[in-house]
Amino acid sequence: PQQPQQQPQQPQQPQQQQYQYQHQQQHHHPGPPPPTGSSSSAYPTSAPQMGMYGGGAPPPGAGMMPGMGGQQGGYPPDADARSIDVQNLDQKALPRPGEDEARPNSNLSCDPKYLRLTVGALPQSVGLKQRFALPVGCIVRPMCPGDSVPTAQFGSSGIVRCRRCRTYINPFVQFIEGGRRYRCNVCSLPNDVPVDYFCALDENGVRRDVAERPELRSGTVEFLASAEYMVRPPMPPAYFFAFDVSQTAVRSGFLKSAIDTVRDCLDSMQSKSDRTRIGFITYDRSIHFYGLRSTSMAPSMMVVGELNDPFAPMPDDLLVNLQECRSVVDATLDVIATSFLETDIQESAMGPALQAAYSAVSQIGGKLMIFQSTLPSIGAGRLLSRDDARGYEANSKEHELRNPADNFYKSMAAECSRQQVCVDVFCTSVPYADIASMCVLPKYTGGDVRYYPQFSLAKDEVKFKTELTRNLTRDVAWESVCRVRCSKGFRVCAFNGHFFIRSLDLLALPATNADQTHAVYLAHDEVVPNMQACYIQCALLYTSADGERRIRVHTMQVPVVNDMTDLFRAIDSGAMACFLTRLSAERTNSARLQDARDALTHKLVDALKEYKLLGGARHNFGFNSLAFPESMKLLPLFAMCATKTLALKGAPRDVAVDNRVECSFDIMSCSAEDCLRMMYPACYALHGGSEDAGIPENDSIEALMKMKMPPRTALAGERIDARGIYLIDDGRKLLVWVGGQCEQKMITSIFGDQGCPDPFVDAYLPTISGNKVNEKVRNTVKRIRSRNQARYQALTVIRQGTPQEALLFNHLVEDRASGGGMGYGDFLAQLHRLVQQAANAGR
C-alpha cells in the first residue's frame, strides 16, 4: 500500500486530543422524538433526561450512539496515530462499531467475503512479523449465500494448472513468448499453454480473448472437474435421520417437531436432485430399523436389541431413492410419529445407534442427522453427568470439562470423515447434555451443532423448525476437500475450524455449506524472496447436488511490505478481532479460561507497545494517552467484548458448560460478520429515529435490506432510558427491553392490546393496520432475521424490574458488571498501564 500524501496546509492536531468518532446521519438522529400523540411515538419532550432507572423523556439524541456505522476495515483517509486520554475519559467519544465492512481486496482479486485477511499486507521478513505481534491470517469462506460464480470452460486438454505447485490458472498469471507459455504467479515457473487453450497476445501482452475467459478476469471462478479429480463416481445427496424416541423426546414435543419438519422439506429435497436418498432409524434402549421398498405401502420395522455389536439388517432397504420411494417414506414418518406416544423408556443408546447408522450410510456417504433428547446412557459412548461443583473449579484441569469424556466419539468422527459422512447434532438434553462430547462428531466432519436447552414448544419450536429447514434445503457441497496455497516464501502453518486434516494441508469436508467458515494462519518459509506481492489461492473440490464434480477457486493478490507503519495501516480490525477470538475459543480446550483471556490481551498489548515505540517520539503523546493507529481504533473494544462472550467470560461456574462449549463451537465456524455481532450486539432505540426509519420503499427484499434502521445505542446502562424501548440483536436471538416508564400507548402500538408477551415464549408481533410504530418494529425484526439465515433469532420481550432483566445486563458489554469483567474505560486504562510497562521494559 502506498503512503498517504501529507497535507501541510492543514492545522496540526493537539497532542492529547481525545478521539472523536465521525457522525453519520443514518445511525444518529439529532432531533427530539415526536410529541405525544404522534403515530410513530408516544414520548413527551419537555421532561429532563435521567438514567436507566430514572424518569423523564430522552432529550434530543438521548441514548443514541454518536458515530455508529464506522468502517471496521480498510485504509483510513487519515492514517496518523490517534490517542485516548485514559485519565480523563469521555465515554461518549470512545470509538464504537457500526455495520461491518471488510477492507476491499485488490483489483481482480476475489471478494473479501470469500478470503478476508486480518491485515491487508504481508510482512517482508520474519523479524518484522514478530515485531508486529498480531496474527497474520485469513478467514476462508469458500461458499457464500446466494452467490453466483462464473464457470470456466476448457478444451479437451483439461484444466490449466501449474505443473509444479498445482496452482489453478487465474487473472494474475503472466503470459509470455507470444502466449505460448505463462508464468505461474505463485511459484514463478514457466508453463506451456495447451494447444486448444492458446490465444495470441495484443500489444500490451494481454490475451485477446480475456473478455471471454472468466478465469482470467475474475478472482472467483468454478471449473468442471474431469475424471482425474474423481476417486469414485459422484455421490448422490443422502440424508440419514436418527431419532431419539425416549420418553423425554416424546413428551417435550421435540420428536414430533422434527418429524413434521422433515416431512415438510421432502419436496424441496427431492427437487434439488432426482438422485436424493433418504433413510431412518429410531432408538431408545434398542435400535429400530425401517426397511423402505418402493413396492411397499408401509415400512418393515426391525428391532435390534444387541448393542455391543450392532448391525444393519437389510442394508439395501435402509437408504433409498426419495423419488422412487416417496409414498413409503411418508408412511414411515407417520409410523415414527405414532408408535412411541405412550413410551415410558428413558434410556438412550445413542452410541450403538450411531454405529448402526454409520454402517448403513458409509457405502455412499452423506449427512447423518442425530436428534438427541437425553444423555446417552447405555452401550458404547455411554456418558455420565459431569455437571457437578468439582468440575467447575478454576484450576489447571478445568478445561477437561470442555473436552469429550469418551474417545468413542472422536474415533467415530474419524471413520465418518473417511467415508464422506457429515454428522449434524440437534440436542435438547436437560439439565446436562455433554455437548463437549457430542460436538466432536460434527467438529471433525464439517457438521453443525444446535442446542436447545430446556426445550419447549412455546419457546423453541419455531426456532428449531426454521433451523432444521435451513439445514435440509440449503445448497450443500458434497464429499469436498479444500486447500489453501500461498506464494513461495509463505505457507499455511495452522488451521482453525471444523474439518479433518489430511496430508498436512488438505481439509476434508464431507458436506460443507455457505454458513461455515475456516481460518488459516500464515507464516514465512525459511527463505523469503524479495517480492512486492504475494498470492493466496483457495480451491474447493466438491460434488454438486446434480452430480457434477466442480472446483471453486478464489485467488487474491496481497502486497508485501517492509515497513511496520504499512502493516499497522493495513489492519482490518473486524477480521483481526474475529481471528483472535477464534484462537482464544480454541485455547479454552487446553487451558484455563483466564489464560485464554490473558493471551488475547497480551497480543493486543504487544502490538500497541510496538506502535508506541514506533511512533511515540514522532507524535509526542502525553503520558496518560493510549496511542493506536486509525485502523486499530475498534480492536480494544472487540478484545474486551470477546472476553465477555459465553465461551470466555467469568469463572468456570459462571456459565453452564454446555452453553460455553456450544458458543466456542459457533465462534469457530461462523462468519466474521456474525462473530462481531456476537461480541458487540446491535442495540436499536425503537422509540427514536426519523420518520422513514424502519419503512422500506417497497415490499421487495432488496428494499428491506436497504431500509434505514432505527438509531443505534451504546451498550452501557447509562445510555438506556427508562422511557424507551430497545431491540438488541446479538446474531443468535432478539431481545426487546421495555422501560418501566414507557407509556402504555407505545407498548400497545407494538404488541397490541394484550401488552407485552410472556418472557418465556418466542414473541409474535401482531400486524396493526395503519400504525407506523408497529410497521417500523416489524420491518426492523424482519430485516435482522433476513440478514442472518443460518440461525433463527427468537424474540424475547422483557420488562424493566423483572428477574428476566438479567438478560439485558449480559448484553451491556461496556459496563463493568457485565460478565464479571471490566468496563470499557477500565479496560482502556489497563491496556495503557500494560503497554507502558511493556514499552519501558523494551527500551
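These figures come from a predicted structure and were not determined experimentally.

Q: Could you give an account of the confidence of the model for the protein chain, naming the residues involved and the relevant values?
A: In this model, the protein chain carries an average pLDDT of 87, and 88% of its residues clear a pLDDT of 70 or more. No element of the protein chain has a lower mean pLDDT than strand β1 (residues 82-85), at 85, and none a higher one than strand β10 (residues 238-244), at 98. In this model, residues 1-79 is a region of pLDDT below 50 whose contacts with residues beyond four sequence positions or in other chains number 203 contacts.

Q: Could you give an account of the pattern of salt bridges, naming the residues involved and the relevant values?
A: With the rule as written, the count across this model stands at 51 salt bridges. Between Asp434 and Arg386 there is a salt bridge, with its nearest N and O atoms 2.8 Å apart. You can see Asp434 sitting in the loop between β16 (421-427) and α8 (435-438) and its partner Arg386 sitting in the loop between β15 (366-372) and α7 (408-418), a full 48 residues away along the chain. Considered together, Asp434 and Arg386 belong to a single accessibility category, that of buried residues. Residue Arg474 pairs with Asp515 through a salt bridge whose shortest N-O separation is 2.8 Å. In this pair, Arg474 is assigned in the loop between α10 (457-473) and β18 (476-486) and Asp515 in the loop between β21 (506-513) and β22 (518-524), connecting sequence segments 41 residues apart. Overall, Arg474 belongs to the buried group, its relative accessible area being 7%. The network of salt bridges with common partners includes Glu99, Glu673, Asp674, Arg677, Arg712, Asp729 and Arg787.

Q: Could you give an account of unusual backbone geometry, with specific residues and numbers?
A: Working note: non-glycine residues mostly have negative phi, and peptide bonds are mostly trans. Backbone geometry places Ser188, a non-glycine residue, at a positive phi of 70°. Mapping Ser188 onto the fold places it in the loop between β7 (181-183) and β8 (190-192). Among the residues examined, Ser188 registers a relative accessible area of 44% and is labelled partly exposed. The phi dihedral of Ser503 is positive, around 45°, even though this residue is not glycine. Mapped onto the fold, Ser503 is located in the loop between β20 (500-502) and β21. Of the residues examined, Ser503 reaches a relative accessible area of 51% and is grouped as exposed.

Conventions used here
Residues numbered from 1 in each chain as written. Predicted model: local features only at pLDDT ≥ 70, side-chain atom pairs only at ≥ 80, totals over all residues. Heavy atoms only, no water. pLDDT = per-residue confidence, 0-100. Helix = DSSP H or I, 4+ residues; strand = E, 2+ residues; numbered from the N terminus. Contact = heavy atoms within 4.5 Å. Salt bridge = Lys/Arg side-chain N within 4 Å of Asp/Glu carboxyl O. Buried < 20%, exposed > 50% of the residue type's maximum accessible area, 1.4 Å probe, protein only.

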